[in-house]
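Each chain is listed here by its residues.
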Amino acid sequence: MPVYTCTTVRSTLSADTKADLAAEVTRIHSMINHVPGTYVNVVFHELAPDEVYTGGHPAQPLLINGWVRTGHPEAQSSQLVAEIAAAATRVTGVPAERVLVVIQNSPAHFAIEGGRVLPAPGEEEAWLREQKDTD
């Protein structure tokens, strides 16, 4: 369901660090938004050093852009960004001042996964049951 894209300068994160960060983002999202970890997608996008700028100057931030379904309580979303930002620093060693986490959302019915329109927050159990019934 959710998609997190982590953008860095090439060679900033090792394969093991990426795996650890993906696992931590998955754990945090699953815990806060109450969805199985199997539905959390984490993608890494690496750019050349001359393709990333902050304040008009070459930089090496860790940018984490997440998409979630509209309808989660504001406090949950605030907790989500705070915990992912803290985990990003802890797991990668990238200083907190170079980590940016942004969560964007849209209605669940604007997305399809596995050929099915996503459920609204709170309707996941019925959606998952339907999936099991068709397997």
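Residues numbered from 1 in each chain as written. Predicted model: local features only at pLDDT ≥ 70, side-chain atom pairs only at ≥ 80, totals over all residues. Heavy atoms only, no water.

Q: What exactly am I supposed to notice about the UniProt feature "domain: Tautomerase cis-CaaD-like" (unreviewed entry) in the protein chain here?
A: In this structure's numbering, the residues bearing the UniProt feature "domain: Tautomerase cis-CaaD-like" (unreviewed entry) are residues 1-131. Helix makes up 35% of residues 1-131 and strand makes up 29%, while its end C-alpha atoms are separated by 14 Å. (UniProt positions renumbered as here; feature names shortened; annotations may be inferred. Helix = DSSP H or I, 4+ residues; strand = E, 2+ residues; numbered from the N terminus.)

Q: Even after reading the chapter, I still don't get the packing of aromatic side chains, so can you show me in this structure?
A: Two aromatic rings, taken as a pair, are described by how far apart their centres are and by the angle between their planes. Applying the stated rule across the entire model yields one aromatic pair. The cationic tip of Arg116 hangs over the ring face of Trp127; the distance from NZ or CZ to the ring centre is 4.0 Å. (Phe/Tyr/Trp six-rings, centres within 6.5 Å; stacked < 30°, edge-to-face > 60°. Lys NZ or Arg CZ within 6 Å of the ring centre and 35° of its normal.)

Q: What exactly am I supposed to notice about the pairing of strand β6 (residues 99-106) here?
A: Working note: regular strand, side chains alternate between the two faces of the sheet. Pairing geometry for strand β5 (residues 62-69) and β6, over eight bridges, is parallel. Each residue of the ladder has a partner; that of Leu62, found in β6, is Val99. With helix α2 (residues 74-92) bridging β5 and its parallel neighbour β6, the resulting β-α-β unit is right-handed. (Pairing = 2+ DSSP bridges. Right-handed = clockwise from strand over helix to strand, strands pointing away.)

Q: I tried to follow the confidence of the model for the protein chain on my own but got confused; where do I start?
A: Any region with low pLDDT has predicted coordinates that should not be read closely. Confidence in the prediction for the protein chain averages 93 pLDDT; 99% of positions are at 70 or higher. In the model of the protein chain, helix α3 (residues 124-134) stands out as the element of lowest mean pLDDT, 78, in contrast to strand β2 (residues 41-47), which has the highest, 98. (pLDDT = per-residue confidence, 0-100.)

Q: Just checking my understanding: could you explain unusual backbone geometry for this structure?
A: Although it is not a glycine, Ser11 sits at a positive phi angle of roughly 70°. Owing to a relative accessible area of 67%, Ser11 belongs among the exposed residues under this scheme. You will see that His34, though not glycine, has its phi angle at about 60°, which is positive. Exposure remark for His34: the relative accessible area of 59% places this residue in the exposed category. (Buried < 20%, exposed > 50% of the residue type's maximum accessible area, 1.4 Å probe, protein only.)

Q: What's the story with α2 in this structure? I'm lost.
A: Its 19 residues give α2 an end-to-end C-alpha distance of 27 Å, which sits within 8% of 27 Å, the value for a rise of 1.5 Å per residue. All buried positions along α2 are accounted for by Gln76, Leu80, Ile84, Ala87, Ala88 and Thr92. Looking straight down α2, one finds its buried side chains confined to an arc of 105°; they lie on one side. Summarising the geometry of α2, the exposed residues directed more than 90 degrees from the buried face are Glu74, Ala75 and Arg90. The elements touched by buried residues of α2 are β1 (3-9), α1 (15-33), β5 and β6. In the segment just after α2, Gly93 is the residue with positive phi, at about 80°. (Expected span 1.5 Å × (residues − 1). Arc of directions from axis to C-beta. Contact = heavy atoms within 4.5 Å.)

Q: Any chance you could explain the nonpolar core here in plain terms?
A: Buried together is how nonpolar side chains tend to be arranged in soluble globular proteins. Formed by 27 residues in total, the largest nonpolar core has its most connected members in Tyr4, Leu62, Ile64, Leu80, Ile84 and Leu118. Listed by contribution, the elements that provide at least two residues to this core are β1, α1, β5, α2 and β6. Leaving out residues up to four positions away in the same chain, Leu118 has contacts with Met1, Trp67, Arg69, Ala108, His109, Ala111, Glu113 and Trp127. (Core = buried A, V, L, I, M, F, W, Y, C linked by side-chain atoms within 4.5 Å.)

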